[in-house]
Amino acid sequence: MNAAGDRLQDTARQAALALPDVSHGYPFTPGLDVYKVAGKVFLIVTDDPDEQIITVKCEPEHARAQVHGYASITPGRYLDKRHWISLGPGPGITERMVTDVVEDSYELVAERLPRRDRPSAR
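Residues numbered from 1 in each chain as written. Predicted model: local features only at pLDDT ≥ 70, side-chain atom pairs only at ≥ 80, totals over all residues. Heavy atoms only, no water.

### Some words on the packing of aromatic side chains
1) Next: Taken as a whole and assessed by the stated rule, the structure comprises 1 aromatic pair.
2) Next: Ring centres of phenylalanine 42 and tyrosine 106 lie 5.3 Å apart, and the angle between their planes is 80°; on these two criteria the pair is classed as edge-to-face. With a gap of 64 residues between them, phenylalanine 42 in strand S3 (residues 40-46) and tyrosine 106 in helix H3 (residues 95-111) connect regions that are remote in the sequence. Take phenylalanine 42 and tyrosine 106: they sit in the same class, and that class is buried. (Phe/Tyr/Trp six-rings, centres within 6.5 Å; stacked < 30°, edge-to-face > 60°. Helix = DSSP H or I, 4+ residues; strand = E, 2+ residues; numbered from the N terminus. Buried < 20%, exposed > 50% of the residue type's maximum accessible area, 1.4 Å probe, protein only.)

Okay, here's the thing in structure tokens:
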């Protein structure tokens, strides 16, 4: 089943909050719900009903494959386009995929943290 925009955003939020040591807030603008691990961003969820997207960190090779494989995945908005992708509702974007990209983004950010700042094991 494809994830509609509001389900895409809700699924991303739930997946992020299920991970250890996650904080979130609106540090940039009231319309962007930002999720962090040890102060490092791994997920941005738009609150704009006209632009229901999430943005996650991604390995550059994987990001390119995702962008080419799905019409509703684009290089990350307002971020380094090699390392971030934005997902919107569309064909092939499932709730499982959304959960997977959020978890992958979290792991990517967490593994680059100094050992002392890494979250406890899931």
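### Here we look at the sheet that holds strand S1 (residues 22-25)
Picture the strands of a sheet paired through backbone hydrogen bonds; they go either parallel or antiparallel.
1) Next: With antiparallel pairing, 6 strands are arranged side by side in an open sheet as S1-S2-S3-S4-S6-S5. Two strands close off the open sheet at either side, each with one partner strand: S1 and strand S5 (73-75). Each strand axis lies, on average, 25° off the axis of its neighbour in the sheet, ignoring direction.
2) Next: Alignment of S5 against strand S6 (residues 84-87), held across 3 bridges, turns out to be antiparallel. What sits directly across from threonine 74, in S6, is serine 86.
3) Next: Sitting on the sheet, helix H2 (residues 60-69) touches S5 and S6, and the angle it makes with S5 is about 130°.
4) Next: On top of the sheet, H3 reaches S1, strand S2 (32-37), S3, strand S4 (54-57), S5 and S6; it is set at about 40° to S4, its chief contact. (Pairing = 2+ DSSP bridges. Axes fitted to C-alpha atoms, helices over the stretch in contact; angles between N-to-C directions. Contact = heavy atoms within 4.5 Å.)

### Focus on the pairing of S2
Moving residue by residue along a regular strand, the side chains alternate between the two faces of the sheet.
1) Next: Of the pairings in the sheet, the one linking S1 to S2 comprises 4 bridges and is antiparallel in character. Of the residues in S2, the one forming a bridge with histidine 24 is tyrosine 35.
2) Next: Hairpin connection from S1 to S2: 6 residues lie between these consecutive antiparallel strands.
3) Next: Hairpin connection, S2 to S3: the antiparallel pair is bridged by 2 residues, and alanine 38 has positive phi, about 50°.

### Comments concerning the pattern of salt bridges
1) Next: In total, this model carries 9 salt bridges according to the counting rule given.
2) Next: The closest approach of N and O atoms between aspartate 33 and arginine 13, which form a salt bridge, is 3.1 Å. Note that aspartate 33 is positioned in strand S2 and arginine 13 in helix H1 (residues 5-17), a separation of 20 residues in sequence. Both residues of the pair, aspartate 33 and arginine 13, count as buried.
3) Next: The salt bridge involving aspartate 47 is made with arginine 13; its shortest N-O contact spans 2.3 Å. With aspartate 47 in the loop between S3 and S4 and arginine 13 in helix H1, this pair connects stretches of sequence that are 34 residues apart.
4) Next: Given the relative accessible area of 31%, aspartate 47 is considered partly exposed.
5) Next: Look at arginine 13 and you get buried, because its relative accessible area is 17%. (Salt bridge = Lys/Arg side-chain N within 4 Å of Asp/Glu carboxyl O.)

### Quick word on H3
1) Next: For H3, with 17 residues, the first-to-last C-alpha span of 24 Å sits near the 24 Å given by 1.5 Å per residue.
2) Next: Those residues of H3 that fall on the buried side of the exposure criterion are Met97, Val98, Thr99, Val101, Val102, Ser105, Tyr106, Leu108, Val109 and Ala110. (Expected span 1.5 Å × (residues − 1).)

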